[in-house]
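Structure assessment
Below are the chains, spelled out letter by letter.
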Amino acid sequence: MSATSSSDARASTRAATDMPPVASVEDLHVSFRVDDGTVHALRGVDLQIAQGEIVALVGESGSGKSVLGSCLLGMPPRSSETTVSGRVEVAGVDMVDDDDRAHRRVRQELLGAVFQDPLSSLNPTMRIGRQLTERGADIERATTALRDAGVPEPERRMKQWPHELSGGLRQRVMIAMALATDGGAEAAGPDAEKNDGPLLIVADEPTTALDVSVQAQIVAMFDRLRREHDCSILLVTHDLGVAAAVADRIAVLYAGRICEIGPTSAVLSNPLHPYTVGLLRSRLSIDGSARPVPIGGSPPDPLHPLRGCGFAPRCASAEADCVEVLPDPMTEQGRTIACFHPSTVPVDLRTNAVASTGMPTPLPKDGERTPRSDPPGRPGQIGHLARPVSALRLEAVSKGFDVGRGSGRNRLHAVSDVTFDVPAGGATVLVGESGCGKTTLLRMATGILTPDSGSVHWPSGGHPPQLVFQDAGASLTPWLTVRRQVVERLTASGVPRAERNDRAMDLLTKVGLDLRAARCRPKELSGGQRQRAAIARALANDPTLLICDEPVSALDASLAVRVLDLLEELRETLGLAILLVTHDLAVARRIGDEVAVMYLGRIVERAPTDEVFDNPQHPYTRGLLDASPTAEPGRLAPTLIGEPPTPFDIGRGCSFLSRCSFSTEQCETERPELIPVTAPQVACHVRPFAAVEV
Amino acid sequence: MNPPDMQVAVEPEAGLGGELPTAGSLQAARHVADGEGMAEDAARRRRRFGLGRRAGGRRRSGRSGRVAVWLLVGITLVLLLLPAVLQLSESDIASTPFEEPLSEQLLGTDSQGRDVAARMLIGMRTSWFAALGVISVGVAVGGAIGLVAGFSGGIVDTLLMRLTDAALALPGPLVALAVVAALGPSLRNTLIAVALTWWPWYARIVRSQVRSLMHRPHVEAARVGGLSRPRIAFVHVVPGTLSAVLVAASLDVGSVILVLAGLSFLGLGSPAPAAELGAMTAQGLTYLFNAPWVAVAPAAGLFVLAVLANIAGDAATDALER
Amino acid sequence: MLRRIAVRLASLVGVLLLLTVIVFLIQQTLPSDPVKSFYGRNTSPEVLAEKREEIGLDDPIVEQYTRFMERLVQGDLGTSLRTRQPVRSDIGSFLPATIELAAAAAVVAVVFGGLIGILGSRPGRGSSAMRSSSIALAAVPTFLAGILGILVFYRWLGWLPAGQRSSEVSASAPTGFLMIDTILGGDPRGLGDAALHLIMPAIALGIGPAVAIGRTLRASLRETYSEEYIRTARAKGVAESTVIRRHALRNAVNPALAMAGLQLGLVLAGAVVVEVVFSWPGIGLYLSQGIASSDFPAVIGVVFVLGIMYVLVNAAVDTVQLLIDPRLRT
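**Focus on the overall build of chain B**
Across its full length, chain B carries 13 helices and 0 strands. Seen in sequence order, chain B has helices and strands lined up from the N terminus as α-α-α-α-α-α-α-α-α-α-α-α-α. By residue count, 53% of the 322 residues in chain B fall in the buried class.

Okay, here's the thing in structure tokens:
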């Protein structure tokens, strides 16, 4: 808690000394034309960023948060007929007027930007060094910036091309670019070192595309950079956990307007705006006691903003005045809130319960069924042992690929010697970061990829397992209607013609889609609907096992929760077994009976869910847990260094060696086996966290 | 967001990602040129502004599609029916030679007193249907080869593609020229020659579409779902290749018209009294200063035809790329 | 990277071989009997048979092909039926004119294409006007451009000459390129005259390719503009013109380069038509005359030479592409 109190203190000190804010936004309205109409991205936003503070701008997709970031950079969305009104000032310069030259100068000297996708944010035909010095910084400053951003061997990197670096490294390069401003002539005197660098860094979803462990490192780095360079950071994100980890203040955005702003710990423990409450409650967390409650209804339509409060249709405490009039933000004691009926009772994050009884269950959306209001009992460990029949059994499965040509030819050991099973009706979650081989493992589990050695069985018989993809839209054939795709599967399964249509509609209803949606093609449906359609289609084959590859990572929190709820329901009603692969531990907590952690093609730990989270045995598991953001302020303390490697040359010893802080000599020479034979299992010689046996 | 998984690094076939167009693989260049990557544009803008909306607009694509269809159908009908209705003939002597335009005949007469306007219309008809014929053959042959190569993979694919690449590396019109010269000038030989040099485009396009579609998630889902291979091929892959082929074909109409005209200009089309626009222009060159209309009219007719074809092609591309 | 160049070279050789095979096969299908055409219709059948055997026309195909290749490698392309000269020397004397014309047209194409591409890619009203006009310009047949050019600029305005390479100089030495030779010879008037003669044919020939290159570049630039790294560059405060030059163009130029390669090759084909219209004494005109007189050795010879030039140009373009984009090198 010390981190937060010091940032709180810093925030109030700033206010007290009355230093001018580094950036201030006043009554900003941004709208632009698209073919279907006019998008009202921002509808009157006020925000201030003080020197040296980190402000998190939190909102879901479509809230306008990226547009706000762009405006601070002086780069509002370029399209025909963009209208911008209001004032956006950075260091005293208005960034949304017509003076392009002034904006450029500010960007060159005072601003830094970090964007989401490091793959496409760097010019592929320019060397790193060149891109860093482009602003006017010299080579020395550029190299220092690289070092600051945690890039190893900075001199060598300067000469490399972007595509030669990994994703995490590229993002660090972006950060270095943000730091390497044209400090030039102004810096002088003893404070020169400290005042070098940008005044404000705008980071737009900087960690979304990264692995969890890398994300944690980068987020922690933001805090360090802020302290070392005394710069402010605007962190635009959809993830409250990331905001909680490092921000001094949180600003929540919905439908182009500010809902609430306040110090991080205050907003998280005592949210005032019903939307913030909803966000907190719908969050999947690695702390498993709370069942997430999705926000009902659907996201706002930026083409047709409402007359009153944008959140009113989904708000449980909305009343007549909310629908008629736009609530203006009011500031009191350091907290800003734009709501006529703010929530006054603190949320207990551990149970997602709200103390007052006045909060009814959220409203369902058209075409979807009401989510169940009480958590289902978890078919616990005991049940798992009592059901000997497995839906899926993998025995010593290995698979490798030959990559590259000629002298660069290498063998990629995607999966090495994996053994586990998924009990009939059970739910196993496979957790791992990029390069761990989970996708290859899944493809072998479905039978479309044959292992090099070992075997795959589906002992419970019945139809082979079906696959639900991460990108549901891409997994549906674009030119066929949903109904046709389901019927096609039924036909292939041998269902007689007369029954096909009824069975199809039955399946679609089961997943919560109606007749209208059935007649649509995939691109006419929303993300959540597409995922449901994909699930319905998978069920058409009447499988005993449903394999899901990151089914919710591309969805907003509420949608994700609903899909997970659906999967859980299907498990209950159909007795379906589930094998789910994810990098997000919170998802694992929500839906798995058992968790298996994969690293570099092997399983390093496997145990019932609660045990894995409460008492992880493998250093990697513990590292992942430490790196996963929670909604508790300032908690993030990543212990995993470096990045997930790709499994090319696997030595004799433990594959986790390069990132482990507990390794011994034995770890270098002897590969740890996964023991004991049944769960809970762990593959580690050292077992630094083993509880003392009583 | 999706952390890059190993699987991406492993796919040796996913060529389109890193493949930049070489002079031989014009498909990509032309796709960019004439399709303008609108879909990609819109997708990127969407992501940046966090919208769920297409910046490209449903309405515009509907209108483009209709424009394209109307043009294509319209031109075909007009050129088909008009000469028949007006009972135009290409060799009728209408009046005295070298009559000026607008005196008796609409566009004057040529060196033998034939009606220039009538011959021009007939020539346009020939050009139009010849071009459509060549493209149809090209699409059929090239498409078939592309499908076979794409679905077979392995040796068959490599062989066919080497052949296609080699054919693409040669200058089409020049080879066609040589072929026609060898076979003897006639319309039929010209069509055969040009079709022979045009199919490689389509083979390449179809094949690369097939390869890229085969790796898409929806095909993998179909395989996991237990659908039969022919079914996957025809229902889940082939329809996806259509739009790329149609884009290329519709844009090619104008080019083929011009290539055929060029060949006929050099004397490689139908022999003498036939009304072919290129040949007519060549014959009219001799009298360029005395009776310019004899040469200009057929060339202008070609121009009009090619412009209409290009507009239709552009509109079709807009509609299909959305 | 070296490996890639080696692969390209290998395929280049393969393509050239294919070209020879095609040319050879075409020769085999010629309807007329070359012996008869050469020696005349009235020669007796016995003499014809003798000559045929002499030349080796009845030998198996593979042998004929081998001999064909042998001759080819030595540069022997046969004898023109029309001029009675070796095709090789005919082509040799006419080739410089065509190269000069093609080079000028290439300059026109690249310069105008580049302008069209860059100017047309900026957002704004002008770009749709440019788009419509480029659709129109792309549809202009080369000979129409030539004819209209002559009618307007010669007949009507009298600004430019109507044909031929020059009104004054006939033969040209030492390079055969008038533009160079007049400079070398210190003949400013001749230079001016040659230039005037070159303008119209070059533009007529270059417009089509200019438009194609321009459209490709424009589309490619537009796509590049929406790339994330452009946003990054702007966010760093880099000036817009620098953004275009250093970031956008470098990445966008590749498809346009590919198109340029293709178009430059087609310029060689289009030169045939232009030379006829302008009576430009190049191999295109030679080819056209050959077609008219059924002079097959000449026709085949010209096609072959043009084909080789086309393939070489494209191979060069491929190599330049490799140099520009580092991603292709690995």
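**Side note on the interface of chain B and chain C**
How big an interface is tends to be reported as the loss of accessible area on association of its parts. With 56 residues of chain B in contact, the opposing surface of chain C contributes 58 residues. If you list the elements that add at least two residues to the side of chain B that touches chain C, you get helix 3 (26–35), helix 4 (38–49), helix 7 (154–169), helix 8 (172–183), helix 11 (229–265), helix 12 (277–285) and helix 13 (293–321) of chain B. Residue contributions to the side of chain B that touches chain C peak at 11 residues, all from helix 13 of chain B. In the side of chain B that touches chain C, the residues fall into 39 nonpolar, 10 polar and 7 charged.

**Some points on the sheet that holds strand 6 (residues 111–114) of chain A**
All names here are of chain A. A sheet is described by the order of its strands in space; here 8 strands give the open sequence 6-7-8-3-9-10-12-11, paired in mixed fashion. Of all strands in the sheet, those with a lone pairing partner are strand 6 and strand 11 (330–332), marking the two edges. Mean inter-strand twist for the sheet, computed between neighbouring axes without regard to direction, equals 20 degrees. Summarising the sheet, strand 11 and strand 12 (residues 335–337) pair through 3 bridges and their orientation is antiparallel. Bridged to Met330 within strand 12 is Ile337.

**Topic: the packing of helix 6 (residues 116–152) of chain B against helix 7 of chain B**
Residues and elements named next belong to chain B. Contact pair helix 6 / helix 7: the axes reach a minimum separation of 7 Å and the direction vectors enclose 140 degrees. As for how helix 6 packs across helix 7, the hand of that crossing is left-handed. In this structure, helix 6 uses Ile145, Val148, Ala149 and Ser152 to contact helix 7, whose residues at the interface are Gly154, Val156, Asp157, Leu160, Met161 and Thr164. A breakdown of the residues in the contact of helix 6 with helix 7 according to their chemical character gives 6 nonpolar, 3 polar and 1 charged.

**Observations concerning the nonpolar core**
Soluble globular proteins tend to bury their nonpolar side chains together. Counting residues in each nonpolar core, the largest one holds 382 residues, and the members touching the most others are Ala176, Leu200, Leu234, Leu235 and Ala251 of chain A together with Ala178 and Ile257 of chain B. For this core, the element with the most residues is helix 11 (residues 240–278) of chain C, which contributes 23 residues. What Leu234 of chain A contacts, discounting residues up to four positions off in sequence, is Ile49, Val55, Leu57, Gly69, Leu72, Leu200, Val202 and Ala203 of chain A.

**Section: the pairing of strand 2 (residues 37–49) of chain A**
All names here are of chain A. Where strand 1 (residues 23–34) and strand 2 come together, 10 bridges link them in antiparallel fashion. Across the sheet, residue His29 finds its bridge partner in strand 2, namely Arg43. A loop of 2 residues connects strand 1 with strand 2, the two strands running antiparallel in sequence.

**Some words on unusual backbone geometry**
Residue and element names in this part refer to chain A. Look at the link from Ile675 to Pro676: it is a cis peptide, with omega at -5 degrees. In this structure, Pro676 sits in the loop between helix 26 (665–669) and strand 24 (681–682). In the Ramachandran plot, Asp27 falls in the positive-phi region, its phi being about 50 degrees despite a non-glycine side chain. For Asp27, the location among the structural elements is in strand 1. A count of 13 C-beta atoms within 10 Å places Asp27 in the partly exposed class.

**Focus: the sheet that holds strand 4 (residues 82–90) of chain A**
The strand order 2-1-4-5 (chain A) describes an open sheet built from 4 strands, whose pairing is antiparallel. Of all the strands in the sheet, just strand 2 and strand 5 (93–94) of chain A have a single pairing partner and so form its edges.

**Things to note about the packing of helix 7 of chain B against helix 9 (residues 187–214) of chain B**
Residues and elements named next belong to chain B. In contact at an axis separation of 9 Å, helix 7 and helix 9 are set at 135 degrees when each is read in the N-to-C sense. Put simply, helix 7 runs oblique to helix 9. Relative to helix 9, helix 7 is oriented so that their crossing is left-handed. For the pair helix 7 and helix 9, contact is made by Met161, Thr164, Ala167 and Leu168 and by Pro200, Ala203, Arg204 and Arg207, respectively. Looking at the contact of helix 7 with helix 9 residue by residue, the classes come out as 5 nonpolar, 1 polar and 2 charged.

**Let's talk about the environment of Ala131 of chain B**
Residue and element names in this part refer to chain B. Mapped onto the elements of the fold, Ala131 is located in helix 6. In this structure Ala131 comes out as buried when scored by C-beta crowding, with 25 C-beta atoms within 10 Å. For the pair formed by Ala131 and Glu276, sequence separation is 145 residues and the distance between their alpha carbons is 13 Å. Here Ala131 is in contact with Val253, Val256, Ile257 and Leu260, once residues within four sequence places are set aside.

**Thoughts on the environment of Val106 of chain A**
Residues and elements named next belong to chain A. Its place among the elements puts Val106 in helix 3 (residues 100–109). In the structure, Val106 is positioned 33 residues away from Leu73 in sequence and 8.6 Å away in space, judged by C-alpha atoms. In contact with Val106, other than residues within four places in its own chain, are Gly74, Val90, Ala91, Val93, Met95 and Leu111.

**Structural notes on the pairing of strand 8 (residues 232–237) of chain A**
Residues and elements named next belong to chain A. Within strand 8, 6 of the 6 residues are buried, which leaves it mostly tucked inside the rest of the structure. Residues Ser232, Leu234 and Val236 of strand 8 are buried on one face, and the alternating residues Ile233, Leu235 and Thr237, pointing to the opposite face, are buried as well. Pairing between strand 3 (residues 54–58) and strand 8: 5 bridges, direction parallel. Bridging from a neighbouring strand, Leu57 pairs with Val236 of strand 8. As defined by bridge partners, strand 7 (residues 200–204) adjoins strand 8 across 5 bridges and the pair is classed as parallel. For Val202, the partnering residue across the bridge sits in strand 8 and is Leu234.

**A closer look at the confidence of the model for chain B**
Residues shown with low pLDDT carry predicted positions that ought not to be read at fine detail. All names here are of chain B. Across chain B, the average pLDDT comes to 76, with 80% of residues at 70 or higher. Residue range residues 1–60 is modelled with pLDDT below 50. Its contacts to residues more than four positions away, or to other chains, number 132 contacts. Interface confidence for the predicted complex, expressed as ipTM, amounts to 0.80; the pTM equals 0.79.

**As for helix 21 (residues 527–540) of chain A**
The end-to-end C-alpha distance of helix 21 of chain A is 20 Å, a good match for the 20 Å that 14 residues give at a rise of 1.5 Å each. Counting buried positions along helix 21 of chain A gives 13 out of 14 residues, so the element sits mostly inside the fold.

Reading the values: rules and limits
- Residues numbered from 1 in each chain as written.
- Chains lettered and ligands numbered in written order.
- Predicted model: local features only at pLDDT ≥ 70, side-chain atom pairs only at ≥ 80, totals over all residues.
- Helix = DSSP H or I, 4+ residues; strand = E, 2+ residues; numbered from the N terminus.
- Buried ≥ 20, exposed ≤ 12 C-beta atoms within 10 Å, placed from the backbone.
- Contact = placed C-beta atoms within 7 Å.
- Nonpolar A, V, L, I, M, F, W, Y, C, P; charged D, E, K, R; others polar.
- Pairing = 2+ DSSP bridges.
- Axes fitted to C-alpha atoms, helices over the stretch in contact; angles between N-to-C directions.
- Left-handed = near helix turned anticlockwise from the far one by under 90°.
- Core = buried A, V, L, I, M, F, W, Y, C linked by C-beta atoms within 7 Å.
- Parallel < 35°, antiparallel > 145°, perpendicular 65-115°, else oblique.
- pLDDT = per-residue confidence, 0-100.
- Expected span 1.5 Å × (residues − 1).

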